[in-house]
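Coordinates in review
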Amino acid sequence: MNLKGTLRISAVAAVLAAAISAQAFTIALSSVGSWAVAGPNLTFTEKVIFQSTSVVAPVFTSQTSWVVNASPPTPGAGLFDDGAGNTISYVLNLTNANAYFNGLWAAGTWDYVAGTGFYAGLAGGGTFTENLDTTNFPVAPGQSLGTYVGKLEAVPEPASMAVLGLGFVGLIARRRRK
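A brief structural summary.

Reading guide: rules and limits
Residues numbered from 1 in each chain as written. Predicted model: local features only at pLDDT ≥ 70, side-chain atom pairs only at ≥ 80, totals over all residues. Heavy atoms only, no water. Core = buried A, V, L, I, M, F, W, Y, C linked by side-chain atoms within 4.5 Å. Buried < 20%, exposed > 50% of the residue type's maximum accessible area, 1.4 Å probe, protein only. Contact = heavy atoms within 4.5 Å. Phe/Tyr/Trp six-rings, centres within 6.5 Å; stacked < 30°, edge-to-face > 60°. Helix = DSSP H or I, 4+ residues; strand = E, 2+ residues; numbered from the N terminus.

With that settled, consider the nonpolar core. In terms of nonpolar packing, the biggest core is built from 24 residues, with Phe60, Phe80, Ile88, Trp110, Tyr119, Tyr148 and Leu152 touching the most fellow members. The contacts of Phe80, once residues within four sequence positions are left out, are Leu29, Phe60, Ser62, Gln63, Asn86, Thr87, Ile88, Tyr90, Trp110 and Tyr148.

The subject of this paragraph is the packing of aromatic side chains. The tally for this structure, following the rule as stated, stands at ten aromatic pairs. Here Phe80 and Tyr148 contribute two aromatic rings whose centre-to-centre distance is 5.4 Å and whose plane-to-plane angle is 85°, an arrangement assigned as edge-to-face. In this pair, Phe80 is assigned in strand E4 (residues 74-81) and Tyr148 in strand E8 (residues 142-154), connecting sequence segments 68 residues apart. Side by side, Phe80 and Tyr148 carry an identical accessibility label, which is buried. Relative to Tyr148, the ring of Phe128 has its centre 5.6 Å away and its plane inclined at 15°; by these criteria the two rings are stacked. Of this pair, Phe128 sits in strand E7 (residues 122-133) while Tyr148 is found in strand E8, placing the two residues 20 residues apart along the sequence.

Any functional reading would require information that these geometric values do not contain.
Next up, the structure:
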């Protein structure tokens, strides 16, 4: 293969790598379970009851998280898990909380930290809400209902970036020849 053919292939590979790495997908899930106070933390242990994504993706079975119950609240953390090696670890920032009769509503943002399996090597985040039923609390853990919505996208690997760079060099060389 001559240099021209190599440069064309590099240019096509660069465009494909850029297109693949630029694709983002949305994820939305609802979970239900219980919450409890452990020291200064509110801890949620929930079963995922609904999940939709804009791509075919493993469905999570559980969602666990905690938020530090301070004033102002400090970031917490959490984990979406499908029980088969596909997970998303995230940090939580509680931005709003309102008490009402026998309950508490909380909202904030979540940011992707790391993932495994299908969800490895992503970036992004979204918003969350938690509705807490305090009827039986503190005698028994309270009931919780969480909703998480977000947008995630692939972070290009070094190899993809190298192909992208090679394609860019090929495009420059091609322009100089014309």
